[in-house]
Amino acid sequence: MPDIWWKAHPHDLHRLVDRVSSVYVERSHVDRDDNAVVVINKRETVRVPAAMIAVMLLGPGTRVTHQAIAVLADSGTAVCWVGERGVRLYATGIGPARGAGLLHRQAWLVTRPKERLAVARAMYGMRFPGEDVSKATMQALRGREGRRMRDVYKAESERTGVPWKRREYRAGDAFAAGDDVNRLYSAANAALYGISHAVIVGLGASPGLGFVHTGTATSFVQDVADLYKAEYSVPLAFDLAAKGLVDERDARVGLRELIVRDKLLGRIVDDVKALLTPQGVEIPDVEANELWDDQTGTVAGGVDYGRDDTPDLVREASMGEDHITILGPDFDEPTEGGRQ
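Residues numbered from 1 in each chain as written. Predicted model: local features only at pLDDT ≥ 70, side-chain atom pairs only at ≥ 80, totals over all residues. Heavy atoms only, no water.

**Re the packing of helix H6 (residues 180-203) against helix H10 (residues 264-276)**
For the record, the criterion: Every angle, taken between N-to-C directions, lies between 0 and 180 degrees, and every axis is a line fitted to C-alpha atoms, over only the stretch in contact when it is a helix. Helix and strand labels come from DSSP, where a helix needs a run of H or I of at least four residues and a strand needs a run of E of at least two; each type is numbered from the N terminus. By definition in this entry, angles of less than 35 degrees are roughly parallel, angles greater than 145 are roughly antiparallel, angles of 65 to 115 are roughly perpendicular, and the rest are oblique. The handedness criterion is simple: a crossing whose near helix is rotated anticlockwise from the far helix by less than a right angle is left-handed, and one whose near helix is rotated clockwise is right-handed. We call two residues in contact whenever any of their non-hydrogen atoms come within 4.5 Å of each other. Charged residues are taken to be Asp, Glu, Lys and Arg, nonpolar residues to be Ala, Val, Leu, Ile, Met, Phe, Trp, Tyr, Cys and Pro, and polar residues to be all remaining types, Gly included.
In the contact formed by H6 and H10, the axes pass within 10 Å of each other and the chain directions differ by 55 degrees. Taken as axis vectors, H6 and H10 run oblique relative to one another. The crossing of H6 and H10 is right-handed. Here Leu192, Ile195, Ser196, Val199 and Leu203 of H6 come into contact with H10, specifically with Leu264, Leu265, Ile268, Val269, Val272 and Lys273. Grouping the constituent residues of the contact of H6 with H10 by class yields 9 nonpolar, 1 polar and 1 charged.

Right, here's the structure in full:
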């Protein structure tokens, strides 16, 4: 059994499948309190169990301290800086993965057309259970997916009685586009992207190396999220619209509840691993300080290979003469009468 989280080994505390989905923060101050993260605003103060969440989404008006980021990183929680309503992803911090094995595997697959096509077909195959897609072209699969989604929209509209015309989306401000159900769908998708991104980064894969999508820093995030939209985002958007719950927060909270209920986080972890690794093959998440070698594959890092007398001597790294370090002044000590 793992130790308390701030003393646990990385392989113990980085089990994504055991975590709650996400925490979204807006117009608040995020700081560290002992070994926890605390979110403070004018209305309330909330302590966040960092080791039990997969991703913290930092929205507009949020300030975060260096110590807060440090404790989130130590606990293996991914951090994403997002735009208003959580729709846009601006940046993401490093995830809990320590090795590059899965990343190397993903890069190998995505740079070989035959292997890339096989993974893309597998992704589409997950949306068409029981159907053989092993010989389908990408053009045919895109057409089938388009028809499938139109059928899903129509079925949900008939089920809930909410009218549906077409999908409307505006890049950069997706929540503002279309009618209520379109906006709710965009908001739910934004949360789904955040969770998918957290899993991908947490496993050590690349968000940008997509198999169906390509050309953006989150191509693989879109690939993964698309696997679950018809099952989660679409029905949720129609259900909320039917109830008159049309705020983006309703979609975000609603999706979070579904993720916890169905343990979707663990499912995404399993699906990503199954797509990127051969059946029965485990890629260890082990941090290794190695150097690439064209003859032997790899050699040990941290070795001074330029010294003839002691070729295996490991020397402490130096910043060098050209490195510039800028340090701010020490904080003034408070006086008895208050701040100086």
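Past the structure itself, the notes keep going.
**Some thoughts on the side chain of Glu156**
Its location among the elements puts Glu156 in helix H5 (residues 138-160). Each residue touching Glu156, except ones within four places of it in the same chain, is listed here: Val234, Pro235 and Phe238.

**A short note on the layout of surface pockets**
Selection criterion: Each cavity reported here is a set of points on a 1 Å grid over the protein atoms alone in which a 1.4 Å probe fits but cannot get out, each pocket an open set with protein on both sides within 12 Å along at least five of seven lines, and each lining residue one with an atom within 4 Å of a point. Grid points are joined across faces, edges and corners, and a volume is the space filled by probe spheres set on the points.
One number sums up the size of the second largest pocket: a volume of about 660 Å³. Taken together, 21 residues line the second largest pocket, and the ones lying closest to its centre are Tyr24, Val25, Glu26, Arg43 and Glu44. Of all elements in the fold, only strand S1 (20-25), strand S4 (45-48) and helix H9 (248-262) reach the threshold of two or more residues within the lining of the second largest pocket. In terms of residue count, the dominant contributor to the lining of the second largest pocket is H9 (5 residues). Broken down by class, the residue content of the lining of the second largest pocket amounts to 8 nonpolar, 2 polar and 11 charged.

**Side note on unusual backbone geometry**
Negative phi characterises most residues that are not glycine, and trans characterises most peptide bonds. Spelled out, the test is: Partly exposed residues are those whose accessible area sits between 20% and 50% of the maximum for their type, while under 20% is buried and over 50% is exposed, using a 1.4 Å probe and protein chains only.
For Arg27, which is not a glycine, the phi torsion comes out positive at approximately 50 degrees. Tracing the backbone shows Arg27 in the loop between S1 and strand S2 (29-33). Exposure remark for Arg27: the relative accessible area of 61% places this residue in the exposed category. One non-glycine residue, Lys263, adopts positive backbone phi at about 55 degrees. Mapped onto the secondary structure, Lys263 falls in the loop between H9 and H10.

**Some details on the pairing of S4**
Filter applied, for reference: Pairing between strands is defined by DSSP: at least two bridges between the two strands are required.
Across 4 bridges, strand S3 (residues 36-40) lies against S4 in antiparallel orientation. If you follow Ile40 over to S4, its bridge partner there is Thr45. Taken together, S3 and the strand that follows it, S4, pair antiparallel across an intervening segment of 4 residues.

**Describing the sheet that holds S3**
Overall, mixed pairing links the 4 strands, which are arranged S4-S3-S2-S6 in an open sheet. Only two strands of the sheet have a single partner each, and these edge strands are S4 and strand S6 (63-64). Contacts from helix H2 (residues 66-74) reach S2, S3 and S6, with the element oriented near 65 degrees to S2.

**Some points on the confidence of the model for the protein**
The condition is simple: Every residue is assigned a pLDDT by the predictor, reflecting its confidence on a scale from 0 to 100.
Of all residues in the protein, 69% have pLDDT values of 70 or greater, and the mean over the chain is 77. Mean pLDDT values over the elements of the protein span from 36, in helix H1 (residues 10-13), up to 97, in helix H8 (residues 229-243). In the predicted structure, residues 1-17 sits below a pLDDT of 50 and forms 31 contacts with residues beyond four places in sequence or in another chain. Per-residue pLDDT stays below 50 along residues 310-328; that stretch engages in 15 contacts with residues further than four places along the chain or on separate chains.

**Things to note about the packing of aromatic side chains**
For clarity, the threshold we go by: Under the pairing criterion, centres of Phe, Tyr and Trp rings, with the six-membered ring standing for Trp, must be within 6.5 Å; the plane angle then separates stacked pairs below 30 degrees from edge-to-face pairs above 60, leaving the rest tilted.
Enumeration according to the criterion identifies 4 aromatic pairs in this entry. Here Tyr153 and Tyr185 contribute two aromatic rings whose centre-to-centre distance is 6.0 Å and whose plane-to-plane angle is 75 degrees, an arrangement assigned as edge-to-face. Of this pair, Tyr153 sits in helix H5 while Tyr185 sits in helix H6, placing them 32 residues apart in sequence. What makes Tyr153 buried here is its relative accessible area of 9%.

**A closer look at the pattern of salt bridges**
Put simply, the test is: Counted as salt bridges are all cases of a side-chain nitrogen of Lys or Arg within 4 Å of a carboxyl oxygen of Asp or Glu.
Across all of its chains, the model carries 13 salt bridges by this definition. Of the charged contacts in the structure, one is a salt bridge between Glu44 and Arg43, with a shortest N-O distance of 3.6 Å. With relative accessibility at 72%, the residue Arg43 sits in the exposed group. Salt-bridge contacts for Glu145 lead to Arg148; the nearest nitrogen and oxygen are separated by 2.9 Å. Placement of both Glu145 and Arg148 in helix H5 is noted, with a separation of 3 residues, approximately one turn of the helix.

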